[in-house]
Amino acid sequence: MQIRHAAITEVDALAQLWFDGWQDAHAAILPEALRRLRTLESFKERLLRGLAEVRVAGPADAPLGFCMVKGDELYQLFVSAQARGAGVAAVLMTDGEARLAERGVNTAWLACAIGNERAARFYGKSGWHHVGSQIIQLETTAGAFDLEVWRFQKRLLPGA
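Calculation rules
- Residues numbered from 1 in each chain as written.
- Predicted model: local features only at pLDDT ≥ 70, side-chain atom pairs only at ≥ 80, totals over all residues.
- Heavy atoms only, no water.
- Core = buried A, V, L, I, M, F, W, Y, C linked by side-chain atoms within 4.5 Å.
- Buried < 20%, exposed > 50% of the residue type's maximum accessible area, 1.4 Å probe, protein only.
- Helix = DSSP H or I, 4+ residues; strand = E, 2+ residues; numbered from the N terminus.
- Polar contact = N/O pair within 3.5 Å; in protein donor to acceptor, adjacent residues only side chain to side chain.
- Contact = heavy atoms within 4.5 Å.
- Expected span 1.5 Å × (residues − 1).
- Arc of directions from axis to C-beta.
- Phe/Tyr/Trp six-rings, centres within 6.5 Å; stacked < 30°, edge-to-face > 60°.

**So, the nonpolar core**
Formed by 26 residues in total, the largest nonpolar core has its most connected members in L47, V54 and F66. Ranked by residues supplied to this core, first place goes to helix 1 (residues 11–26) with six residues.

Below is the structure:
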């Protein structure tokens, strides 16, 4: 499966994929106040701000998933419902890890919503280690939103 840089022309499709995936994985386990802030438009705005750090799997007219990195963090990883179980997430994660390693990141981290057991299992199978919980500040249209999450870390190999 080929992974490529996201194009501005697919922001709408990627925002819809992200919105749908977020609703599926997080709507039932995160606070109502955060659910109200996670609109389709909010995902589109975040994609536009971070587009240079987004890599995509699938055709431009029907992306299957994306991975976004930020600093030393594997920041976002979402796969469409129809592509789950097909290896798309693993390929995107490997690409994200390689991008972080190329930047000299030795230990990468990611945040997982507390209660998102499916994602936590996937991270564990992918070599990430649950190292505890922490409060992070999420970006929202109303400003920062504090949320306690599970923190996962992974030691990256140089040049991976």
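**Observations concerning the side chain of R55**
Following the sequence through the fold, R55 ends up in strand 2 (residues 54–57). Of the polar contacts made by the side chain of R55, one reaches the side chain of D95; its length is 2.9 Å. Excluding its chain neighbours within four sequence positions, the residues that come into contact with R55 are I3, R4, H5, A6, G65, F66, C67, L92, D95 and R99.

**Observations concerning helix 1**
For helix 1, which comprises 16 residues, the first-to-last C-alpha distance of 21 Å matches the rise-based estimate of 22 Å (1.5 Å per residue) to within 8%. Every buried residue of helix 1 is listed here: V11, L14, A15, L17, W18, G21, W22, A25 and H26. Down the axis of helix 1, the smallest arc covering the buried residues is 160 degrees, so these residues share one side.

**Things to note about the packing of aromatic side chains**
Within this structure, the stated rule accounts for eight aromatic pairs. Considering the side-chain rings of W22 and F43, the 6.3 Å spacing of their centres and the 50 degrees angle between planes classify their relative orientation as tilted. Here the residue W22 occupies a position in helix 1, and F43 occupies one in helix 3 (residues 40–50), the gap between them amounting to 21 residues. Of the two residues examined, W22 and F43, each falls in the buried class.

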